[in-house]
Amino acid sequence: MTDIFQYKPLALDGCYEIQQRVMEDERGMFVKVFHTEIYNKIGVDFNFAESYYSFSKKNVIRGLHFQLPPHEHYKMIYCLQGKIQDAMVDLRRNSTTSGKNASVILDDQQRNMALMPPGIAHGFLALEESIIVCVTSTVYAPEHDSGVHSQKCGIQWQIDNPILSDKDKTLPTIQGFLQDKLFNSPANN
Amino acid sequence: MFKEYKPLEIDGCYELTSNSFSDHRGVLTKIWHSEIYDKLGVNFKIQESYYSTSKLGVLRGMHFQIPPHDQYKLVCCLKGEIQDAMIDLREGSPTSQKSIDLVISSTKKNLVLIPPGIAHGFLSLSDPAVVLYMASTTYAPDHDTGLHWQDCNVNWKNDNPIISAKDKELPKLQEVLNQKFWD
């Protein structure tokens, strides 16, 4: 079972692109998306605490979001239908990739997913009408739920006029989060 | 976090209804929250998740893993709709050998929670049906087995479903009960 997922590191320390395992036959398709032992192999003890899925119209950006300590979490995300530009920004002050961003295309053809550690702000742009599934290692904590503005964090989005929520339009830049050393403990490095 | 936790007619099986939030961007729907443990008095960890896409008329089942790899399973339908069915294989259960079925769909936003000792299967009522599973143990090929779909007292909505060669060969109910996997 240990060779079930292929994975490779993304440009931010601790972030990975993982290939889902797909089996097809005359009935349809079977896709494996989460397996604790495989995550342990990557070095991630991922507690499957909450999961949700979203349906997004084309050109919607959701994000960038993250939770603050002590409710920070790992996040795993994949595209069940459609295609997204999935984006991440490193808010960990002591990380080798602190302040940097990375993007990866997730879609229903590649059947790939992204895995990111605490201290990473995450968002995505729907390049088509898309269904996205997200799994997090802690549950939603409204008081610790935070974000950074998608247009003010260095990400080169593939479109210029995205559809945002009112809440996402008012999110701050990344500077304050880096200065506040929110994600500074050894556990988050 | 879930709108409703409704006990089904098999002991330990529940129908959950998700909370859903809509705005001009689309819809967001919760499908798992660890508060389920407290609400239902169950204790397990999600160890594996997978989804299947099925053409109209595909039947997958009836499946279960035997001890020590038996599992809790959460089933939800992210696209389309299915006739979801289960039968109680636990000898000591107050609902032993009882079978039930219900429609779960992306519009009803309902999920089914199934404890260990229950065989589970579904019939796709749409083209396609996308069904997501969350399970409390990982797949154990040597402990993965099933029960024949025509011998589980389910009134399927399709008499001539598309079935895998493997599922066609699954044993009859009496044969499974004789093994006394759960007493």
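Placed above this text is the structure.
The sections below set out a description of the structure shown in this document. (Residues numbered from 1 in each chain as written. Chains lettered and ligands numbered in written order. Predicted model: local features only at pLDDT ≥ 70, side-chain atom pairs only at ≥ 80, totals over all residues. Heavy atoms only, no water.)

1. Side note on empty space enclosed by the protein
Inspection of the entire model under this criterion finds 3 cavities of 30 Å³ or more. A volume near 70 Å³ is recorded for the largest cavity. Residue lining of the largest cavity: Phe-64, Gln-65, Asp-70, Gln-71, Lys-73, Ile-114, Pro-115, Pro-116, Gly-117, Ile-118 and Trp-182 of chain B, and that is the complete set. For the lining of the largest cavity, the residue count by class is 6 nonpolar, 3 polar and 2 charged. Roughly 60 Å³ of volume is contained in the second largest cavity. If you trace the second largest cavity, you find it lined by His-65, Phe-66, Gln-67, Glu-72, His-73, Lys-75, Met-116, Pro-118, Gly-119, Ile-120 and Phe-183 of chain A. (1 Å grid on protein atoms, 1.4 Å probe; cavity = no way out; pocket = protein on both sides within 12 Å on 5 of 7 lines; lining within 4 Å. Points joined across faces, edges and corners; volume = space filled by probe spheres on them. Nonpolar A, V, L, I, M, F, W, Y, C, P; charged D, E, K, R; others polar.)

2. Quick word on the sheet that holds strand 7 (residues 73-79) of chain B
If you walk across this open sheet you meet the 8 strands as 3(A)-4(A)-5(B)-12(B)-7(B)-10(B)-2(B)-1(B), and the pairing is antiparallel. The two strands at the open ends of the sheet, each matched to only one other strand, are strand 3 (21-25) of chain A together with strand 1 (4-7) of chain B. Within this sheet the neighbouring strands show an average axis-to-axis angle of 20°, counted without direction. As paired elements, strand 7 of chain B and strand 12 (residues 129-135) of chain B share 6 bridges and run antiparallel to each other. From the neighbouring strand, Cys-77 of chain B faces strand 12 of chain B, where its bridge partner is Val-131 of chain B. (Pairing = 2+ DSSP bridges. Helix = DSSP H or I, 4+ residues; strand = E, 2+ residues; numbered from the N terminus. Axes fitted to C-alpha atoms, helices over the stretch in contact; angles between N-to-C directions.)

3. Focus: the packing of aromatic side chains
Scanning the entire structure with this criterion turns up 20 aromatic pairs over all chains. For the ring pair Phe-34 of chain A and Phe-48 of chain A, a centre distance of 5.0 Å and an interplane angle of 75° mean the geometry is edge-to-face. With Phe-34 of chain A in strand 4 (residues 28-35) and Phe-48 of chain A in the loop between helix 1 (36-42) and strand 5 (50-56), the pair connects residues that are 14 residues apart, well separated along the chain. Just as Phe-34 of chain A is buried, Phe-48 of chain A falls in that class too. Ring centres of Tyr-39 of chain A and Phe-46 of chain A lie 5.6 Å apart, and the angle between their planes is 65°; on these two criteria the pair is classed as edge-to-face. Side by side, Tyr-39 of chain A and Phe-46 of chain A carry an identical accessibility label, which is buried. Through successive ring pairs, a cluster of aromatic residues spans Phe-34, Tyr-39, Phe-46, Phe-48 and Tyr-74 of chain A together with Trp-32, Tyr-37, Phe-44 and Tyr-72 of chain B. (Phe/Tyr/Trp six-rings, centres within 6.5 Å; stacked < 30°, edge-to-face > 60°. Buried < 20%, exposed > 50% of the residue type's maximum accessible area, 1.4 Å probe, protein only.)

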